[in-house]
Amino acid sequence: MGGSPAGPIGRDQHEVEDWERLSDAINSALGARGLQSTDEHRRAIESLENYRDLSYYERWAAATERLLVEKGILTDREIDERAAEIERRWGGP
Amino acid sequence: MSGHHPHEETTTSPYAARIRAIEALLLEKGILTEPEVQDRISYMEARSPANGAKLVARAWIDDEFKGLLLSDGKAAASQLGMDPEHPAEFVVVQNTPKVHNLIVCTLCSCYPRAILGRPPDWYKSFEYRSRSVREPRAVMREFGFEPPENVEVLVHDSTADVRYMVLSMRPSGTEDLDEEGLARLVTRDSLVGVSVPRAPGATDPG
Amino acid sequence: MTYGPGDQVRVLPLEKPGHVRTPDYLKGKNGWIEFLIGPYPNPEVLAYGLSGLPERNLYKVGFKQADLWEDYRCPAEDRLYADVYEHWLEPGEGGTA
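Every chain begins its residue count from 1, and numbering advances along the sequence as written. Each chain gets a letter, beginning with A, and each ligand a number, beginning with 1, in the order they are written. It should be noted that, the model being predicted, local features are given only for residues of pLDDT at least 70 and side-chain atom pairs only at 80 or more, the latter also being counted only at that level, while totals for whole chains, interfaces and linings use all residues.

Asker: I would appreciate a short explanation of the overall build of chain C in the present structure.
Answerer: When you go through chain C residue by residue, the secondary structure sums to 2 helices and 5 strands. Put simply, DSSP marks the helices as runs of H or I at least four residues long and the strands as runs of E at least two long, and each gets a number from the N terminus on. If you list the helices and strands of chain C from N to C, you get β-β-α-β-α-β-β. Relative to the compact-globule value of 13 Å for 97 residues, chain C shows a C-alpha radius of gyration of 14 Å, a close match. With the C-alpha coordinates of chain C rotated into their principal frame, the extents come out at 45 × 25 × 20 Å. Three exposure classes are used, all based on how many other C-beta atoms lie within 10 Å of a residue's own C-beta (placed from the backbone): buried at 20 or more, exposed at 12 or fewer, and partly exposed between those limits. By the burial criterion, 37% of the 97 residues in chain C qualify as buried. Radius of gyration here uses only the C-alpha atoms, and the compact-globule reference equals 2.2 Å multiplied by the residue count raised to the power 0.38.

What follows is the structure, given as structure tokens:
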């Protein structure tokens, strides 16, 4: 990444959304509990296949999810099911 | 759930629901508690570039504090009531008439969040992370700043667990300003090093 | 070995799989030790949930921009610093310092 050719630096600043704050907080809380480390989280982000398609906090959330499943704390299935339930409640797809 | 206002969730990111799901599950299983999560949200909300501005303004008027800031950033931050968090190191680098410092994390966007809060979106961009190490002067030019030709530009890539912040030079014509007035000149961008503090009387938000 | 300030070093051009904190653009480049930051557990191993022990020395390493990029042009001697672990360094051949 460092030194690669790239265009002008965009200066748009998006409003941080509540879910992004939450993503930050969960990551931090898990770290404080010793359940995941900064290095593990970085490694999980780097291993995301769709890294370039995701926003900064999407990468964070996806990496946290990956680690929780990897460590057997949560399962993909229960996250999928609960996320679907939440989206239904929000009236989304 | 923490700060959950369904009618305000206007995002189309699928990760919004996923992180809420993760929160709900972790709370139900007792892996995290709601107060813990709230604490971490509050922790980040309490941090902002104003902290950096305070550190810089104090260093400008107090040589002893400046010495501490440059030799032990965390101790200096603690002295001003900030909680700089372990275990990352916090190092402040000084601009002089001979050198200008620029901070980046090419690998992931490390930033002294425990002092300054969240980094701006541009700091995390591929463009900034790619170009700042290779063409720092062109990058600074985009931010409206051009160091004099004889000034050396020093780029610090935060590749390990040291987080960096820039102590800019005090603008001239500020002899009459008090600490608070000085702090108001210190922009977030000057703490990263893409530009320098406002001149006294300047009105642009920088 | 432990390096001292001013020692010439070269960043090893290792192609290591997994999590590394040495950027590609520094691999194979010559620089100098600014100072020893301190010993820390190895992040490459911490990244997989292991202890990362024994700790490795972390150094602030300086490079002349002109030594990093072929097309770097500037009137002053611009420099770049990165924090590099000891196992990524070997004694250098003098660079252009």
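The structure having been displayed, the exposition proceeds.
Asker: What's the story with the interface of chain A and chain B in this structure? I'm lost.
Answerer: Interfaces are frequently sized by the accessible area removed from exposure as the parts join. Any pair of residues counts as being in contact when their C-beta atoms, constructed from backbone geometry, are within 7 Å of one another. With 44 residues of chain A in contact, the opposing surface of chain B contributes 44 residues. Contributing elements (two or more residues each) for the side of chain A that touches chain B: α1 (18-32), α2 (38-46), α3 (56-70) and α4 (76-90) of chain A. Looking at the side of chain A that touches chain B element by element, the count peaks at 10 residues for α1(A).

Asker: What am I meant to see in α4(A) here?
Answerer: A turn of α-helix holds 3.6 residues, and therefore any two residues three or four places apart point the same way. Between its first and last C-alpha atoms α4(A) spans 21 Å; for 15 residues at 1.5 Å apiece the expected length is 21 Å, and the two agree. Buried residues of α4(A): I79(A), R82(A), A83(A) and I86(A), and no others. Projected down its long axis, α4(A) shows its buried positions confined to an angular sector of 105°, all on one face. Along α4(A), the residues that are exposed and aim more than 90 degrees away from the buried face are R77(A), D80(A) and R88(A). Tucked into the core, α4(A) has its buried residues touching α3 of chain A together with α1 (14-28) of chain B. Of the residues trailing α4(A), G91(A) is marked for its positive phi of about 80°. Multiplying one less than the number of residues by 1.5 Å gives the expected span of a helix. Working note: the arc is built from the helix axis to C-beta atom directions.

Asker: Just checking my understanding: could you explain the environment of D24(C) for this structure?
Answerer: Along the chain, the position of D24(C) falls in the loop between β1 (8-11) and β2 (30-40). Along the backbone, D24(C) and V11(C) are 13 residues apart, and their C-alpha atoms lie at a distance of 9.9 Å.

Asker: Would you explain the interface of chain B and chain C in this entry?
Answerer: At the junction of the two partners, chain B supplies 18 residues and chain C supplies 19 residues. Secondary structure elements with two or more residues in the side of chain B that touches chain C: α8 (126-134) and β3 (152-157) of chain B. At 6 residues, β3(B) tops the list of elements feeding residues into the side of chain B that touches chain C. By the convention adopted, Pro, Cys, Tyr, Trp, Phe, Met, Ile, Leu, Val and Ala count as nonpolar, Lys, Arg, Asp and Glu as charged, and the other residues, Gly among them, as polar. Of the residues that constitute the side of chain B that touches chain C, the class distribution is 8 nonpolar, 4 polar and 6 charged.

Asker: What exactly am I supposed to notice about the nonpolar core here?
Answerer: Note that soluble globular proteins tend to have their nonpolar side chains buried in a common cluster. Membership of the largest hydrophobic core comes to 63 residues, with the highest contact counts inside it found for V56(B), V61(C) and V84(C). The dominant element in this core, judged by the number of residues it contributes, is helix α3 (residues 49-61) of chain B, at 6 residues. Not counting residues up to four positions away in its chain, the partners in contact with V56(B) are L167(B), S168(B) and V186(B). Listed in part, the 30 residues of the second largest apolar core include A61(A), A16(B), I22(B) and L25(B). Take the buried Ala, Val, Leu, Ile, Met, Phe, Trp, Tyr and Cys residues, join any whose C-beta atoms are within 7 Å, and the set you get is a nonpolar core.

Asker: Just to check I follow, could you spell out the packing of α4(A) against α1(B) for this structure?
Answerer: A pair of packed helices is captured by two measures, namely the crossing angle of their axes and the spacing between those axes. Every axis corresponds to a line fitted to the C-alpha atoms, with the helix fit spanning only the stretch in contact, and the corresponding angles, defined between N-to-C directions, vary from 0 to 180 degrees. Contact pair α4(A) / α1(B): the axes reach a minimum separation of 8 Å and the direction vectors enclose 115°. Classified by the angle between their axes, α4(A) and α1(B) sit roughly perpendicular to one another. Relative to α1(B), α4(A) is oriented so that their crossing is right-handed. Taking contact as the criterion, the partners of E78(A), I79(A), R82(A), A83(A), I86(A) and E87(A) in α4(A) are, on α1(B), A17(B), R18(B), R20(B), A21(B), I22(B), A24(B) and L25(B). For the contact of α4(A) with α1(B), the per-class residue count stands at 8 nonpolar, no polar and 5 charged. Here the angle decides the label: under 35 degrees means roughly parallel, over 145 means roughly antiparallel, 65 to 115 means roughly perpendicular, and every other value means oblique. Handedness of a crossing is defined here by the sense of rotation of the near helix relative to the far one, left-handed for an anticlockwise turn of less than a right angle and right-handed for a clockwise turn.

Asker: Even after reading the chapter, I still don't get the environment of K29(C), so can you show me in this structure?
Answerer: Residue and element names in this part refer to chain C. Looking at where K29 falls in the secondary structure, it is placed in the loop between β1 and β2. Linking K29 and R73, residues 44 residues apart in sequence, is a C-alpha distance of 18 Å. Sequence-distant contacts of K29, defined by excluding residues within four places in its chain, comprise R10, V11, F63, D67 and L68.

Asker: What should I look at first to understand the domain arrangement of chain B in this one?
Answerer: The split of the chain into domains comes from an automatic or database domain assignment. When cut into domains, chain B gives domain 1 (10-45) and domain 2 (49-192). The C-alpha-based centres of domain 1 of chain B and domain 2 of chain B are spaced at 31 Å.

Asker: For this particular structure, what's the right way to read the pairing of strand β2 (residues 99-104) of chain B?
Answerer: A regular strand places its side chains on the two faces of the sheet in alternate fashion. Residue and element names in this part refer to chain B. For β2, a buried count of 5 out of 6 residues is recorded, marking the element as mostly surrounded by other parts of the structure. Strands pair, by our definition, only if DSSP identifies at least two bridges between them. Summarising the sheet, β2 and β3 pair through 6 bridges and their orientation is parallel. The residue of β3 that forms the bridge with N101 is L154.

Asker: Is there a simple way to think about the packing of α3(B) against helix α4 (residues 63-71) of chain B in this case?
Answerer: All names here are of chain B. Running from amino to carboxyl end, α3 crosses α4 at an angle of 130°, the nearest separation of the two axes being 6 Å. In terms of their interaxial angle, α3 and α4 are classed as oblique. Every pair of crossing elements has a handedness; the one defined by α3 and α4 is left-handed. Along its contact with α3, which presents L55, R58 and A59, the element α4 presents F65, K66 and L69. Here the contact of α3 with α4 is built from residues that sort into 4 nonpolar, no polar and 2 charged.

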